[in-house]
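Structure at a glance
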Amino acid sequence: MQLKTLLAATALGALMASPALAQQISVKAGVLNDRSGLYADLSGEGSVIAARLAVEDFKAADKGIKVEIVSADHQNKPDVGSTIARQWYDQDGVDLILDVPTSSVALAVNQITREKNKVHINSGAASSDLTGKACSPNTVHWTYDTYALAQGTGGAMTKAGGDSWFFLTADYAFGHALERDTSAVVTKAGGKVLGAVRTPFPGTDFSSFLLQAQASKAKVIGLANAGGDTINSIKQAGEFGIVAGGQKLAGLLVFATDVHALGLQTAQGLVLTESFYWDMNDQTRAWSERFAKLNGGKKPSMVQAGVYSGMLHYLKAVEAAKSKDSAAVMAKMKELPTDDPLFGKGTVRADGRKMHDMYLFEVKKPSESKAPWDYYKQVAVLKADEAFKPLAESECPLVKK
Amino acid sequence: MFELLGVPPQALFGQLLLGLINGSFYAILSLGLAVIFGLLNIINFTHGAQYMMGAFVAWMCLNYLGINYWAALLLAPIAVGITGVVIERFLLKRIAHVDHLYGLLLTFGLALIIQGVFRNNYGSSGLPYQIPAELRGGYNLGFMFLPTYRGWVVIASLIVCLATWFVIEKTKLGSYLRAATENPTLTQAFGINVPLLVTLTYGFGVALAAFAGVLAAPIYSVNPNMGADLIIVVFAVVVIGGMGSIMGAIVTGFSLGLVEGLTKVFYPEASATVIFIIMAIVLLVKPAGLFGRAA
């Protein structure tokens, strides 16, 4: 008995003296997203898988960083998301929240993260306000934003002669931001915005709104919505002969998972903007294959890829700062260049905007698609500084002018 | 061109027609709910999930078995109706004697389970289902382009609704049913098999939901949440029409579709809530619903 106590005491002493173990940092990451609704396929459990892959690839355990990942469903409701975020930060010891699609929820989590001085790496939400007027020293906006989508799809459609627009806008923070940013691009290029209709979110029947868009005689109908809303709008636009009637559809935010749900027969020819597509190079293909094995054969969306990339960069920053203190980690994240197999090299700007190239894709015809998930062909590359809002025009108070 | 309330009449007619199409779905679904409530006194919260199952069975028929839309229109309601019979025999029957609330809880729980299973297997963003070749294209009505398929939806739902009404209100089978609703013990004493009637009625109500699901498959995405989004609206329709009233459910379904269609023109932001506003007003003025009898 005495011997046992003695041994235990010695072991404990040895543990405390060991320099490697004294540095042990444990990080708790929460993946907060839609796990059951219209955005569940593009974020959901796939984002949790992506975060786990990042921990695995970083070999966190070998570097003295212990990572625990938790997840929850915010049901696309700001109140639900806020409650979970508060509980995670206050009671469960969560250090950072990842993903958070649905801009209204993201803006709420952004605010709470700032109050609690934690870290939020957003991949799923679109509103450019996250690094604009609502920017925070505790938030990084990783994958894309409404400004970049507007530059990509909006710019390309206007250049191709689509100089009059009518918007179908999802009636919440995201839709409003996307409509605003795209309108700015269209007007700047000399085009006109003829009108917009705010559709209740989420919706199923868009025929009435499509008919209003048709009556506007606009050359382009901009779909400022996402997920199931976009799928239903495109499907029903086909049914009402809108594209056949000469008007063009601009899916301002379309994910690979949406194209999968639409089927190529309906989706062919759509022009869309994304920051990641699984079939871009050997590295993205290799990673996506690993991901698909864990995700029931489904390829990653750019949101899920962004969670991986963001988590990886966070861990690098923790390693460099030798601490998980939010201010120190945020400073390191902005100081260190980003580099990963999915998005390549990039940076995190002072306003929290992650900078990387965006890509303009066109959806293939059914005859061009050789394999399942073979959906896009690349049309153009938007360099990071054209895709994202220049700091000089930023509304973010963190940016010194 | 003259204008009506600030909107060109062409646009208005178009929107009214679209409202009628959406009303078709409300009508079939609320009819099923009304039939079930009338005889079983159960508020069938599984209805939305059963509508979704109808759409999924149609998709499975096409993709796994190569069975086309027309056959699925008949097969899917039968298949889903059989699952309804099983649910009634093994679950609902056991709680028939207790408070309504338990039926509501049970069916709500079942709906969550069914939706969860489909979501796990098929994801949440939906599956493509093409419009059958015979019904592609459309007609130019002058004031709008009417896709053939939508026209078919209105006709099919009108036929099904009126046939149901006829069977329940005008035939001998219907009279048994109404008698069993009124006084099950007495009806049974006359030698009519009431438990069988109850089971079949539930199966039929469920089959109606599945039929609406097949109709919806080509125009809405076939996804596990499609019923959950719709069912709340349909409940409001039933409440407005009056619980248990057959004709009430049909008329209210179509007319609320129209009201919603008009709201989409004048104030689109409110189109998701207008039905609930009407529900609140109706409950204040006529608590039994527009066509319901006061209990």
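Every value quoted in this text rests on a predicted model; they were computed, and no experiment measured them. Each chain has its residues counted from 1, running along the sequence as written. For this description, chains carry letters from A and ligands carry numbers from 1, given in the order in which they are written. Selection of residues for local features in this predicted model requires a pLDDT of at least 70, selection of side-chain atom pairs for listing and counting requires 80 or more, and totals for whole chains, interfaces and linings are taken over all residues. Side-chain measures were taken over the full set of non-hydrogen atoms in the model, leaving aside hydrogen atoms and water.

Before going further, it helps to examine the overall build of chain B. In DSSP terms, a helix is any run of H or I states spanning at least four residues, a strand is any run of E spanning at least two, and both are numbered starting from the N terminus. Each helix and strand in chain B was counted, giving 11 helices and 2 strands. When the helices and strands of chain B are placed in sequence order, the string is α-α-α-α-β-β-α-α-α-α-α-α-α. Taken over C-alpha atoms, the radius of gyration is set against a globule rule of 2.2 Å times the number of residues to the power 0.38. Taken over C-alpha atoms, the radius of gyration comes to 19 Å for chain B, in line with the 19 Å a tight globule of 295 residues would show. Taken along its principal axes, the extent of the C-alpha atoms in chain B is 65 × 50 × 35 Å. Each residue's exposure class comes from its accessible area (1.4 Å probe, protein chains only) as a fraction of the maximum for that residue type: buried when under 20%, exposed when over 50%, partly exposed otherwise. Taking all 295 residues of chain B together, 53% fall into the buried category. Sequence separation of 24 or more characterises 77% of the internal contacts of chain B that already satisfy a separation of 6 or more. Residue burial considers only the protein chains on display, and all accessible areas are found by Shrake-Rupley using a 1.4 Å probe. Working note: accessible area of chain B is about 13000 Å², and carbon and sulfur atoms make up 71% of it. The contact definition used throughout considers only heavy atoms, calling two residues in contact when any of these lie within 4.5 Å.

All names here are of chain A. Two strands pair under a simple rule: DSSP has to find at least two bridges between them. Strand order in the open sheet formed by 3 strands is β10-β14-β15, and the pairing between neighbours is antiparallel. The open sheet has two edge strands with one neighbour each: β10 (271–274) and β15 (376–382). On average, each strand axis in the sheet is inclined to that of its neighbour by 30 degrees, with strand direction left out of account. The sheet contacts of helix α6 (residues 146–159) involve β10, β14 (358–363) and β15, and relative to β10 the element is tilted by about 155 degrees. Helix axes are fitted only over the stretch in contact, all axes being lines through C-alpha atoms; the angle between N-to-C directions runs from 0 to 180 degrees.

So, on to the nonpolar core. Within this scheme, the nonpolar core is defined by two criteria: the residues are buried Ala, Val, Leu, Ile, Met, Phe, Trp, Tyr or Cys, and they are joined through side-chain atoms within 4.5 Å. Grouped together as the largest cluster of nonpolar side chains are 193 residues, with contacts concentrated most on Leu-168, Leu-253 and Tyr-314 of chain A together with Leu-215 of chain B. Not counting chain neighbours up to four residues away, the residues in contact with Leu-215 of chain B comprise Phe-25, Ile-28, Tyr-69, Leu-73, Tyr-149, Trp-152, Val-153 and Ala-156 of chain B. Ile-84, Ile-97, Val-100 and Val-105 of chain A belong to the second-largest nonpolar core, a separate cluster that totals 16 residues.

For the rest of this paragraph, the subject is a nonpolar patch on the surface. Patches draw on residues past 30% relative accessible area with no salt bridge. Two like charges within 9 Å are joined, as are two nonpolar side chains (Val, Leu, Ile, Met, Phe, Trp, Tyr) within 5 Å. Any Lys or Arg side-chain nitrogen found within 4 Å of a carboxyl oxygen on Asp or Glu counts as a salt bridge. On the surface, a cluster of nonpolar side chains totalling about 580 Å² of accessible area is made up of Leu-74, Ile-78, Ile-82, Val-86, Phe-90 and Leu-91 of chain B. Overall, the relative accessible area of 41% leaves Val-86 of chain B in the partly exposed class.

Before going further, it helps to examine the state of the cysteines. All names here are of chain A. Our working definition of a disulfide is a cysteine sulfur pair at a distance within 2.5 Å. Within this structure, the stated rule accounts for 1 disulfide over all chains. Here Cys-135 connects covalently by a disulfide to Cys-396, the sulfurs 2.0 Å from one another. Between Cys-135 and Cys-396, the disulfide has an S-S torsion of 75 degrees and is therefore right-handed. Taken together, the residues span a long stretch of sequence, with Cys-135 in the loop between β4 (119–122) and β5 (139–141) and Cys-396 in the segment after α15 (384–387) at a distance of 261 residues.

Another point: the confidence of the model for chain A. Parts of the prediction with low pLDDT should not have their coordinates interpreted in detail. Residue and element names in this part refer to chain A. In this model, chain A carries a mean pLDDT of 91, and residues with pLDDT of at least 70 account for 94%. On a scale of 0 to 100, pLDDT captures the predictor's confidence in every residue. Confidence, expressed as mean pLDDT per element, reaches its minimum in chain A at helix α2 (residues 19–22) with 47 and its maximum at β4 with 98. Taken together, the stretch residues 17–22 has pLDDT below 50 and engages in 1 contact with residues farther than four places along the chain or on a different chain.

Considering every residue of chain B, the mean pLDDT works out to 90; 96% of them sit at 70 or more. Mean pLDDT across the secondary structure elements of chain B bottoms out at strand β1 (residues 138–140) of chain B, with 85, and peaks at helix α3 (residues 69–90) of chain B, with 96.

Residue and element names in this part refer to chain A. Structurally, Val-27 is set in strand β1 (residues 25–33). Spatially, the C-alpha atoms of Val-27 and Thr-113 are 16 Å apart, while their sequence positions differ by 86 residues. Beyond its immediate sequence surroundings of up to four residues, Val-27 is in contact with Ile-65, Lys-66, Val-67, Glu-68, Asp-95, Leu-96 and Tyr-314.

Counting along an α-helix, one turn takes 3.6 residues, and residues three or four places apart therefore face a common direction. Residue and element names in this part refer to chain A. Multiplying 1.5 Å by the helix residue count minus one yields the expected span of that helix. In a regular helix each residue adds 1.5 Å, so 13 residues correspond to 18 Å; helix α9 (residues 227–239) covers 19 Å between its end C-alpha atoms and thus fits that length. Most of α9 sits out of view: 12 of its 13 residues are buried. When α9 is considered as a whole, its buried residues turn out to be Gly-227, Gly-228, Asp-229, Thr-230, Ile-231, Asn-232, Ser-233, Ile-234, Lys-235, Gln-236, Ala-237 and Glu-239. One or two residues past the end of α9 sits Gly-241, with phi positive at roughly 65 degrees.

Residues and elements named next belong to chain A. With respect to the helices and strands, the residue Glu-45 is situated in helix α3 (residues 44–58). Since its relative accessible area comes to 32%, Glu-45 is described here as partly exposed. Each C-alpha atom, one on Glu-45 and one on Asn-33, is 8.7 Å from the other, the two residues being 12 residues apart in sequence. Excluding residues within four positions of it along the chain, Glu-45 makes contact with Arg-35 and Arg-52.

Further remarks concern the pairing of strand β2 (residues 65–73) of chain A. Residues and elements named next belong to chain A. Bridging between β1 and β2 involves 9 bridges; their strand directions are parallel. Each residue of the ladder has a partner; that of Ile-25, found in β2, is Ile-65. Consider the strands pointing away from the viewer: the crossover is right-handed when the path from the first strand over the helix to the second runs clockwise. Following the chain from β1 across α3 to the adjacent parallel β2, one finds a crossover that is right-handed.

So, about helix α7 (residues 173–188) of chain A. Residues and elements named next belong to chain A. Look at α7: 23 Å from first C-alpha to last across 16 residues, which is about the 22 Å you get at 1.5 Å a residue. Turning to α7, its buried residues number three or more, namely Phe-174, Gly-175, Ala-177, Leu-178, Glu-179, Asp-181, Thr-182, Ser-183, Val-185 and Val-186. Structurally, α7 contributes buried residues whose contacts are with α5 (103–116), α6, β6 (164–170), β7 (192–199) and β8 (220–224). The positive-phi residue at the C-terminal boundary of α7 is Gly-190, with phi of around 90 degrees.

All names here are of chain B. It is at 8 Å that the axes of helix α2 (residues 47–65) and helix α9 (residues 226–241) come closest, and there the two elements cross at 135 degrees. Judged by the angle between their axes, α2 and α9 are oblique. With respect to the hand of their crossing, α2 and α9 are arranged in right-handed fashion. Residues His-47, Gly-48, Tyr-51, Met-52 and Ala-55 of α2 pack against Met-226, Gly-227, Leu-230 and Ile-231 of α9. Angles are sorted into four bins: roughly parallel if under 35 degrees, roughly antiparallel if over 145, roughly perpendicular if 65 to 115, and oblique for all others. Left-handed describes a crossing whose near helix is turned anticlockwise from the far helix through less than a right angle; right-handed describes the clockwise counterpart.

Now for the sheet that holds strand β13 (residues 354–355) of chain A. Taken in spatial order, the 3 strands make up an open sheet running β11-β12-β13 (chain A), and their pairing is antiparallel. At either margin of the open sheet sits one strand with a lone partner, and together these are β11 (338–340) and β13 of chain A.

Attention now moves to the packing of aromatic side chains. All names here are of chain A. Pairing of aromatic rings covers Phe, Tyr and Trp, the last counted by its six-membered ring, and requires centre-to-centre distances within 6.5 Å; plane angles under 30 degrees mean stacked, over 60 mean edge-to-face, and any other angle means tilted. Counting across every chain of the model gives 26 aromatic pairs over all chains. Chaining the aromatic ring pairs together yields one cluster made of Tyr-277, Trp-278, Tyr-359, Phe-361 and Tyr-376. The ring of Phe-58 has Lys-63 sitting right over it, with the charged end atom 4.0 Å from the ring centre. It is Lys-299 that lies over the ring of Trp-278; its NZ or CZ is 4.3 Å from the centre. A positively charged side chain is recorded as over a ring if its NZ (Lys) or CZ (Arg) lies within 6 Å of the ring centre. The angle to the ring normal must also be within 35 degrees.

Residue and element names in this part refer to chain A. Here Phe-201 and Pro-202 are connected by a cis peptide whose omega angle stands at -15 degrees. Within the element layout of this structure, Pro-202 appears in the loop between β7 and α8 (207–215). Within the chain, Lys-59 stands out as a residue other than glycine whose phi angle is a positive 50 degrees. For Thr-102, which is not a glycine, the phi torsion comes out positive at approximately 75 degrees. Topologically, Thr-102 is positioned in the loop between β3 (96–99) and α5.

Turning our eyes to something else, we now look at the interface of chain A and chain B. Counting residues at the interface gives 32 residues for chain A and 31 residues for chain B. Between chain A and chain B, the buried area comes to about 2500 Å², and carbon and sulfur atoms account for 52% of it. At the junction of chain A with chain B, the criterion picks out 3 salt bridges. A salt bridge links Lys-264 of chain B to Asp-205 of chain A; the shortest N-O distance between them is 3.8 Å. A 3.5 Å cut-off defines polar contacts: any pair of N or O atoms within that distance qualifies, except that in protein one atom must be a possible hydrogen donor and the other a possible acceptor, and neighbouring residues in sequence count only when both atoms are side-chain atoms. Across the contact surface, chain A and chain B share 14 residue pairs in polar contact (both at pLDDT 80 or more). Listed by contribution, the elements that provide at least two residues to the side of chain A that touches chain B are β7, α8, α9, α10 (256–262) and α11 (264–267) of chain A. Buried area counts how much accessible surface, traced with a 1.4 Å probe, disappears from two parts once they are put together, with both parts' losses summed.

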